[in-house]
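Each chain, written out:
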Amino acid sequence: MQDLHALEPYTLHVYDISYFSGKMQAYLAYKGIPHAVHAISWAELVGRIAPRTGLAEVPVVECRDGTLLRDSTAMIEWFEQRYPQAAVLPGEPAAAFFCRLLEDYADEGLWRPALYYRWAHARDATLYARRFTEDFLHYPFVPAALLRVTVRHRQRRAYLRDEGITAANRADVERHYHDELADLEAVFRRRPFLFGERPSLADFGYFASMFRHFGIDPTPAR
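Residues numbered from 1 in each chain as written. Predicted model: local features only at pLDDT ≥ 70, side-chain atom pairs only at ≥ 80, totals over all residues. Heavy atoms only, no water.

Colleague: What am I meant to see in the pairing of strand β2 (residues 35–39) here?
Modeller: Look at any regular strand and the pattern is simple: side chains alternate between the two faces of the sheet. Alignment of strand β1 (residues 10–14) against β2, held across 5 bridges, turns out to be parallel. When the bridges of β2 are listed, threonine 11 appears paired with alanine 36. With helix α2 (residues 19–31) bridging β1 and the parallel β2, this β-α-β connection has right-handed handedness. (Pairing = 2+ DSSP bridges. Helix = DSSP H or I, 4+ residues; strand = E, 2+ residues; numbered from the N terminus. Right-handed = clockwise from strand over helix to strand, strands pointing away.)

Next up, the structure:
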């Protein structure tokens, strides 16, 4: 096992509106693991981080010795092995299995409605095209208005058309989100967290969509 003092404090590289960044921020804060949050720029991500991780994606955890960790679920597993206090997996094997299953669903199953709401509605898409270009993606010789239009077009192509969302099925995507809220409401009327009295891996899985998309994007937040 590595000497944790040689790895702490960690730096969590995020973009504060990104899907999985919110998940890792919530987890590290809950566990009390020493870390600093760094809002990364596109230039830094592709210039320094991506060549070492193989992906131009956040979140990424950087250890004090320079080691880089990626993929939110794998990172949580890594931290759980080294910081076992307040474990986020239930101790009973069947409950742990369902916790992992629900976390995977929260990661992947809510991706489509989360990205749909961000880019399908004009108010949301205009807001996030501006935030994306002003906070993250900088091209000094490209007019800001042109950059925002380009980003909006690219995101709508990637997260609507390429995800198979059409006028015929968008109501089903919205229903998925509404049904999810109703299901969660039923659970939280009985207990404070998905698996009982304290947060679990599954709860942090839900932070990806709920904390960084549905909770702050104008249309789903309403």
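Now that the structure has been shown, the text picks up again.
Colleague: Help me understand the sheet that holds strand β4 (residues 68–70) in this model?
Modeller: Either a parallel or an antiparallel arrangement is found when strands of a sheet pair, and the pairing is made through backbone hydrogen bonds. With mixed pairing, the 4 strands of this open sheet are ordered in space as β2-β1-β3-β4. Strand pairing shows two members of the sheet lacking a second neighbour, β2 and β4, which therefore form its edges. Across this sheet, the average inter-strand angle for adjacent strands is 25 degrees, counted without regard to direction. When β1 meets strand β3 (residues 60–62), the two strands line up antiparallel, connected through 3 bridges. Residue pairing across strands places threonine 11 opposite glutamate 62, the latter belonging to β3. Those strands touched by helix α3 (residues 42–53) are β1, β2, β3 and β4, and its axis lies near 85 degrees from that of β4. Sheet strands touched by helix α4 (residues 72–82): β1, β3 and β4. Its angle to β4, the strand with the most contacts, is close to 120 degrees. (Axes fitted to C-alpha atoms, helices over the stretch in contact; angles between N-to-C directions. Contact = heavy atoms within 4.5 Å.)

Colleague: Got a minute to help me understand the pattern of salt bridges in this structure?
Modeller: For the coordinates displayed, the defined rule picks out 14 salt bridges. For arginine 100, the salt bridge identified is with glutamate 77, shortest N-O distance 2.2 Å. Residue arginine 100 is located in helix α5 (residues 93–109), and its partner glutamate 77 is located in helix α4; the two are separated by 23 residues in the primary sequence. Judged by relative accessible area, arginine 100 falls into the partly exposed class, the value being 36%. The closest approach of N and O atoms between arginine 112 and glutamate 163, which form a salt bridge, is 3.7 Å. A residue pair is termed long-range when its members are at least 10 positions apart, and arginine 112 in helix α6 (residues 111–120) and glutamate 163 in the loop between α8 (144–161) and α9 (170–188) qualify at 51 residues. With relative accessibility at 24%, the residue glutamate 163 sits in the partly exposed group. Several salt bridges share partner residues, and in doing so they unite Asp16, Arg131 and Asp135 into one network. (Salt bridge = Lys/Arg side-chain N within 4 Å of Asp/Glu carboxyl O. Buried < 20%, exposed > 50% of the residue type's maximum accessible area, 1.4 Å probe, protein only.)

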